[in-house]
Amino acid sequence: MKRINHLVFFFFVAAIFAGCDSDSTVMYKNITGKAGEMVVVISKESWDKAPGKIVRETLAQPHVGLPQDEPLFDLINVPHEAFQDIFRSTRNIVQTTISSNVDKSGIQFTDDVWAYPQATVQIKAKNADEFVKIFEENKDRILSYFVQAEKERITMNYKNTYEKAVFNTLNTEFDVTMKVPPGFRIMENKKDFLWVQYDTPEITQGIVIYSYPYVSDSAFTVGYQLPIRDSLLRKYVPGPTDGSYMSTEKRLDQVYNVIKHNGNYAAEMRGLWRVENDFMGGPYISLSELDASNQRVINAFGFVYAPSKDKRNLLRQVEAMIYSLKLNNQADNDKLNQQDVEIQVEG
């Protein structure tokens, strides 16, 4: 009987190691490359013609809301024959197959093919015109997929290691939670207002959280939100010189979108900030979310100051932080959201 048990144990262990030798091992290989990098597997001929042009125009278009042009993604063109192990663990990959031998044209989104956490898109087409058509029809979906993948990777980094002082303050005093990395300091804490910030000699990342009553649908309009934000920034976020203070740059239009966040009605705004009576400035992103249960709007305004440096990845980090915002009473809001109350917002 003991011999049988030993044999069972042996085959059990052997099965485990056999499983480790299977394709599932790729799940344990970490992604490589810098944030925002993307490998595009495509022939030189296609890269130089219409297929490559639409890929570049879409995936390397300028990032919205930055003071200088930076691409959404840094593209690395890799011919098919050069697509070996060194490139296969890259975080973002677009694979193309453009050939008359293609049996079925189409597009496929696949996570974690060669590494984790990896995002890949495979596009097959019989010719260049068909490729352009498929890409054009799916470009918004492709963009959303890769942008969301970048955000989720950053969020994963903050999941278990985050600044407890900021988390606890928001939890107890604001009835919300948000995860920011260690090193963020509380700069100002007033009723319904919190300013936290991370500084190095070269860059600053900051987040301002505040709330105001939800009195009507106009509470989500740009025209309603900006005066409230600027009045609070002027009052609580001073600049480096006497009489200077933070404000929204209004010489350029704000980029505004209505969205859903955690099932709640919300709005995202992007643009530039400036310091009045001084020369500082940079990009921002803000999230305004309806807390219907408490009849209030929660706002998270994230900003970056990094003179003479690229700001895309720094802003994406701040974006991931503010999108980690969660209402403590979300269960109550879920019940109200099921009623599907429509909010009309204009301007």
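In what follows, the structure referred to is the one given above.
The present account deals with the structure reproduced in this document. Since this is a predicted model, take the numbers as computed values, not measurements.

Description of the pairing of strand β8 (residues 193–199)
Counting buried positions over the seven residues of β8 gives five, a clear majority of the element. Bridge count for strand β7 (residues 185–190) against β8 is five bridges, and the pairing is antiparallel. When the sheet's bridge partners are listed, I186 is paired in β8 with V196. Linking two consecutive strands that pair antiparallel, namely β7 and β8, is a turn of two residues; a positive phi of about 60° is found at D192 within it. Where β8 meets strand β9 (residues 204–213), seven bridges bridge the pair, whose relative direction is antiparallel. The residue bridging V196 from the neighbouring strand is I207, located in β9.

Considerations on the pattern of salt bridges
A full pass over the atoms with the stated rule returns 20 salt bridges. Two residues, E137 and K133, come together in a salt bridge whose shortest N-O distance is 2.7 Å. Here E137 and its partner K133 are both found in helix α5 (residues 128–159), four residues apart, which amounts to about one turn of the helix. There is no split in this pair, since E137 and K133 are both exposed. Its salt-bridge partner being E188, residue K190 comes within 3.7 Å of it at the nearest N-O pair. Judged by its relative accessible area of 38%, K190 falls in the partly exposed class. What emerges from the salt-bridge pattern is a single network uniting K151, E268, R270 and E319.

Comments concerning the environment of Q122
By secondary structure assignment, the location of Q122 is in strand β5 (residues 119–125). A relative accessible area of 15% means that Q122 is categorised as buried. With 25 residues separating them in the primary sequence, Q122 and T97 have C-alpha atoms 7.9 Å apart. Excluding residues that lie within four positions of it along the chain, Q122 makes contacts with Q95, G106, I107, Q108, F109, T110 and V113.

Some words on the side chain of R229
If you trace the backbone, R229 turns up in helix α7 (residues 222–236). The side chain of R229 sits in the buried core without any salt bridge; D230 is the nearest counter-charge, 5.4 Å away. Contacts of R229, omitting those with residues within four sequence positions, involve Y210, T248, M269, Y284, S286 and F301.

What about helix α6 (residues 164–174)?
Given 3.6 residues to a turn, an α-helix orients residues that are three or four positions apart in the same direction. Every buried residue of α6 is accounted for by V166, F167, T169, L170 and F174. Summarising the axial view, the buried residues of α6 lie within an arc of 165°, below the 170-degree limit, and thus occupy one face. Looking at the buried side of α6, the elements it contacts are β6 (176–177), β7, β8, β9 and β14 (296–305).

Concerning the environment of L226
By the element assignment, L226 lies in helix α7. Distance in space between the C-alpha atoms of L226 and K250 is 9.4 Å, their sequence separation being 24 residues. With residues up to four places along the chain from it excluded, the contact list for L226 reads T248, Q254 and M269.

Looking at the nonpolar core
Among the nonpolar cores identified, the biggest contains 31 residues, and L170, V176, M178, V180, I207 and I322 are the most heavily contacted of them. Elements that contribute at least two residues to this core include exactly α5, α6, β8, β9, β13 (281–291), β14 and α8 (312–322). In this structure, I207 is in contact with M178, V180, L194, W195, V196, F301, G302, F303, V318, M321 and I322, ignoring residues within four places of it in sequence. The next biggest cluster of nonpolar side chains, apart from the first, holds 27 residues, and it includes Y212, Y214, L232 and M246.

Thoughts on the layout of surface pockets
Roughly 1100 Å³ of volume is contained in the largest pocket. Counting only elements with at least two residues in the lining of the largest pocket, the list comes to α5, β11 (255–261), β12 (264–276) and α8. Of the residues contributing to the lining of the largest pocket, the split by class is 13 nonpolar, 10 polar and 12 charged.

Topic: the packing of helix α3 (residues 50–59) against α5
Running from N to C, α3 and α5 cross one another at 10°; their axes reach a closest spacing of 9 Å. Between α3 and α5, the crossing angle belongs to the class labelled roughly parallel. Facing α3, whose interface residues are A50, P51, I54, V55, T58 and L59, α5 presents A128, F131, V132, F135, E136, K139, I142 and L143.

What counts and what doesn't
- Residues numbered from 1 in each chain as written.
- Predicted model: local features only at pLDDT ≥ 70, side-chain atom pairs only at ≥ 80, totals over all residues.
- Heavy atoms only, no water.
- Buried < 20%, exposed > 50% of the residue type's maximum accessible area, 1.4 Å probe, protein only.
- Helix = DSSP H or I, 4+ residues; strand = E, 2+ residues; numbered from the N terminus.
- Pairing = 2+ DSSP bridges.
- Salt bridge = Lys/Arg side-chain N within 4 Å of Asp/Glu carboxyl O.
- Contact = heavy atoms within 4.5 Å.
- Lys, Arg positive; Asp, Glu negative; His and termini not counted.
- Arc of directions from axis to C-beta.
- Core = buried A, V, L, I, M, F, W, Y, C linked by side-chain atoms within 4.5 Å.
- 1 Å grid on protein atoms, 1.4 Å probe; cavity = no way out; pocket = protein on both sides within 12 Å on 5 of 7 lines; lining within 4 Å.
- Points joined across faces, edges and corners; volume = space filled by probe spheres on them.
- Nonpolar A, V, L, I, M, F, W, Y, C, P; charged D, E, K, R; others polar.
- Axes fitted to C-alpha atoms, helices over the stretch in contact; angles between N-to-C directions.
- Parallel < 35°, antiparallel > 145°, perpendicular 65-115°, else oblique.

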